[in-house]
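# Inside the fold
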Number of protein chains: 2
Amino acid sequence: MNMILIENCDLIDGSRAVITGRRFDHIRGQLRKKTGDECKCGLLNGNIGTGLITRLDADSLTIELQLAAPPPPAAPLILVSALPRPKTLRKMLHYAGTLGVKEFHFIGTFKVEKSYWDSPFLEPDFLNQEMRLALEQCVDTVPWQIHFHRFFKPFAEDILPGLAAGRELLAFHPAPDADEIKPVHDRETVVCLGPEGGFTDYEIQLLTEQGATRVSLGPRILRSEVALSFLLGKLL
Amino acid sequence: MNMILIENCDLIDGSRAVITGRRFDHIRGQLRKKTGDECKCGLLNGNIGTGLITRLDADSLTIELQLAAPPPPAAPLILVSALPRPKTLRKMLHYAGTLGVKEFHFIGTFKVEKSYWDSPFLEPDFLNQEMRLALEQCVDTVPWQIHFHRFFKPFAEDILPGLAAGRELLAFHPAPDADEIKPVHDRETVVCLGPEGGFTDYEIQLLTEQGATRVSLGPRILRSEVALSFLLGKLL
């Protein structure tokens, strides 16, 4: 936790917040802060700065906030990915989230296992908690948005055109004729990642019809989370 | 396992190998291969190609190898890193290893916890097994080399100059005056990563005296394994 993430419900007036639970335990137990000490704070959807501990009780503390710095810029990138196995989903969210990706679309493809859609990791409470952990890690306050689309064809035909309008559209597909990846700089981009085993020919054809350029990461086969953070390094 | 890694001790003549244990279980249990089927194989330190299953017994199988393709090119990069916590060490090796890094130097710095040096993950048997898993994942046959240097000063003064000779030397250090990262293309490069909490001023000064350029990944604070694969994306 590199920043204490404050939410509106923690505020008791315009500049003071009461912190309990996991964040209180972290400030007291790990950071060993006491009254008069400061710690890095950020307000969800707001600025980043410091919090001065003005009161310390047995299971809560009050901090006076001074939040002047804006959050770091978001990545100009929408991530579309075949729904991965639940453990990998968690890693992909953390990795891309801490690198500044703010919009995720997880989709069904032919090679996505049906059981993945029943995972408790897809529950809003779980995803919100993952988001808080990612924001605390990377010192950011802007929440991400996650969308799930169970069926490939309606996503590719009805949703993707809207996402891709005015943006570059890339589909990762290990093919001999795929392009090399280039940095996107400030161009808004939509990146599509296939499942383990890749998109089918039909799926890649539908993506290509929507204007996707096929790009490849080279001959090595990588775990999804490694491929994701490596390609974000290439793109951003 | 995207490739069966064959070692010299598996060979019974110039082109045939007998496979047992974990790899046998994978070929039979997961891939469900039988006599006459083929699977992707590579010889440690050698070529990559196919293996034809010519004989199948209860707990071993014999394959006839045809290995014509060279392994993928290695990354032109030596990785120097503060010794991370054991779980992170494992991830860093897997991530950088599957991305083609072939030389690792793990070093002691002021902020490296002493207990990390006693981890069983530093045993050669464990590290060799991690290497096999990484090569099987990324379809490569060239082993990596790992070196440990417990003390920072002798490493920086006596070992690093030899590593850095004829190579670009980069030190990751979140400083306002740090340079942005640029792709290394084919330039041989040595990359130094600090521990959680970073290098001390003294350490970064020693690295700078050896010719290191300070580079930064931006304002976000990332987990070591995310930072590593992201920066390899930027560099490679």
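Residues numbered from 1 in each chain as written. Chains lettered and ligands numbered in written order. Predicted model: local features only at pLDDT ≥ 70, side-chain atom pairs only at ≥ 80, totals over all residues. Heavy atoms only, no water.

## Regarding the overall build of chain A
- Scanning chain A from terminus to terminus reveals six helices and 11 strands.
- With the C-alpha coordinates of chain A rotated into their principal frame, the extents come out at 60 × 35 × 35 Å.
- Out of the 236 residues belonging to chain A, those deemed buried represent 51%.
- A separation threshold of at least 6 residues defines the contact pool for chain A, and within that pool the share at least 24 residues apart is 69%.
- In the form shown here, chain A has an accessible surface area of approximately 11,000 Å², with 50% of it arising from carbon and sulfur atoms.
- For chain A, the separation between the mean place of its 26 positive charges and that of its 30 negative charges on side chains is 6 Å. (Helix = DSSP H or I, 4+ residues; strand = E, 2+ residues; numbered from the N terminus. Buried < 20%, exposed > 50% of the residue type's maximum accessible area, 1.4 Å probe, protein only. Contact = heavy atoms within 4.5 Å. Areas by Shrake-Rupley, 256 points an atom, 1.4 Å probe, with all protein chains shown as cover. Lys, Arg positive; Asp, Glu negative; His and termini not counted. Charge placed at Lys NZ, Arg CZ, Asp CG, Glu CD.)

## Comments concerning the pairing of strand β6 (residues 77-82) of chain B
Residue and element names in this part refer to chain B.
- A large share of β6 lies buried, amounting to six of its six residues.
- Side chains of β6 alternate between two faces, with Leu77, Leu79 and Ser81 and Ile78, Val80 and Ala82 buried alike.
- Pairing of β6 with strand β10 (residues 189-193) involves five bridges; the strand directions are parallel. Across the sheet, residue valine 80 finds its bridge partner in β10, namely cysteine 192.
- Examined bridge by bridge, β6 and strand β7 (residues 103-107) share five bridges and lie parallel to one another. By the bridge assignment for β7, valine 80 is matched with histidine 105.
- You can see the chain leave β6, run along helix α2 (residues 86-98) and come back into β7, and the turn it takes is right-handed. (Pairing = 2+ DSSP bridges. Right-handed = clockwise from strand over helix to strand, strands pointing away.)

## Remarks on helix α3 (residues 124-138) of chain A
Residues and elements named next belong to chain A.
- The first and last C-alpha atoms of α3 sit 21 Å apart over 15 residues, in line with the 21 Å expected at 1.5 Å per residue.
- All buried positions along α3 are accounted for by Phe126, Leu127, Glu130, Met131, Ala134, Leu135, Glu136, Gln137 and Cys138.
- Residues of α3 that are buried make contact with β1 (4-6), α1 (21-30), α2 (86-98) and β8 (145-149).
- Where α3 terminates, the next one or two residues include valine 139, which has phi positive at roughly 60°. (Expected span 1.5 Å × (residues − 1).)

## So, the side chain of threonine 98 of chain B
- Inspection of the secondary structure assignment puts threonine 98 of chain B in helix α2.
- A polar contact of 2.8 Å, which involves the side chain of threonine 98 of chain B, links it to the backbone oxygen of histidine 94 of chain B.
- A distance of 3.2 Å separates the side chain of threonine 98 of chain B from the backbone oxygen of tyrosine 95 of chain B, its partner in a polar contact.
- Dropping the residues within four chain positions of it, threonine 98 of chain B is found in contact with Arg220, Leu222 and Val226 of chain A together with Leu93, Ala134, Gln137 and Cys138 of chain B. (Polar contact = N/O pair within 3.5 Å; in protein donor to acceptor, adjacent residues only side chain to side chain.)

Shape is all these values report; function is a separate question.
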